Amino acid sequence: MASTTKKVLRMTFNNAAGSAVTITLPQPKEDLTAAGIEAVMDQIIAKNIFLTAGGELISKRDVKIVDTTTNDLFD
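Keep in mind the model is a prediction, meaning the values are calculated, not measured.

**Focus: the overall build of the protein chain**
Then, number 1: A count of helical and extended segments in the protein chain gives one helix and four strands.
Then, number 2: Secondary structure elements in the protein chain, listed N-terminal to C-terminal, are β-β-α-β-β.
Then, number 3: Its C-alpha atoms give the protein chain a radius of gyration of 15 Å, clearly above 11 Å, the size a compact globule of 75 residues would have.
Then, number 4: Dimensions of the protein chain along its principal axes, counting C-alpha atoms only, are 45 × 30 × 15 Å.

As structure tokens, this is what we get:
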């Protein structure tokens, strides 16, 4: 039985239409802090880097580091 582990950083924003927009980044650094991630999210909003179908990103909604382990049961 083989297993793989993956980590991703999920930053979720609210757009102008009120919908959630998630940006997912693979392999986040181990030393990330909530304050550091929130500062980057603030920059993304302030610089208006992304435009979604529901308009620009206007606020932070959530941030998570997701750690997933997959066990392959069939070889």
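**Comments concerning the side chain of Asn-15**
Then, number 1: Mapped onto the fold, Asn-15 is located in strand β1 (residues 2-15).
Then, number 2: At a separation of 3.0 Å, a polar atom in the side chain of Asn-15 contacts the side chain of Thr-52.
Then, number 3: Those residues in contact with Asn-15, other than ones at most four positions away along the chain, are Val-21, Thr-52, Gly-54, Gly-55, Glu-56, Leu-57 and Ile-58.

**What to know about the confidence of the model for the protein chain**
Then, number 1: For the protein chain, per-residue confidence averages 95 on the pLDDT scale, and 99% of positions sit at 70 or higher.
Then, number 2: Per-element confidence in the protein chain is highest for strand β2 (residues 20-26), whose mean pLDDT is 98, and lowest for strand β3 (residues 51-52), whose mean pLDDT is 92.

**Comments concerning helix α1 (residues 34-47)**
Then, number 1: With 14 residues, α1 extends 20 Å from end C-alpha to end C-alpha; this agrees with the ideal 20 Å at 1.5 Å per step.
Then, number 2: If you check which residues of α1 are buried, you get Ile-37, Met-41, Ile-44 and Ile-45. Seen along its axis, α1 keeps its buried residues to an arc of 95°; they face one direction. Exposed side chains of α1 directed beyond 90 degrees from the buried face belong to Ala-35, Ala-46 and Lys-47.
Then, number 3: Check the buried side of α1 and you find it contacts β1 and β4 (55-72).

**Considering the nonpolar core**
Within soluble globular proteins, side chains that are nonpolar generally end up buried alongside one another.
Then, number 1: Listed in full, the 10 residues of the largest apolar core are Leu-9, Met-11, Phe-13, Val-21, Ile-23, Ile-37, Met-41, Ile-44, Ile-45 and Leu-57.
Then, number 2: Counting only elements with at least two residues in this core, the list comes to β1, β2 and α1.
Then, number 3: Top contributing element to this core by residue count: α1, with four residues.
Then, number 4: Here Leu-9 is in contact with Ile-23, Thr-24, Leu-25, Pro-28, Leu-32, Ile-37, Val-63, Lys-64 and Ile-65, once residues within four sequence places are set aside.

Conventions we followed
Residues numbered from 1 in each chain as written. Predicted model: local features only at pLDDT ≥ 70, side-chain atom pairs only at ≥ 80, totals over all residues. Heavy atoms only, no water. Helix = DSSP H or I, 4+ residues; strand = E, 2+ residues; numbered from the N terminus. Rg over C-alpha atoms; globule rule 2.2 N^0.38 Å. Polar contact = N/O pair within 3.5 Å; in protein donor to acceptor, adjacent residues only side chain to side chain. Contact = heavy atoms within 4.5 Å. pLDDT = per-residue confidence, 0-100. Expected span 1.5 Å × (residues − 1). Buried < 20%, exposed > 50% of the residue type's maximum accessible area, 1.4 Å probe, protein only. Arc of directions from axis to C-beta. Core = buried A, V, L, I, M, F, W, Y, C linked by side-chain atoms within 4.5 Å.

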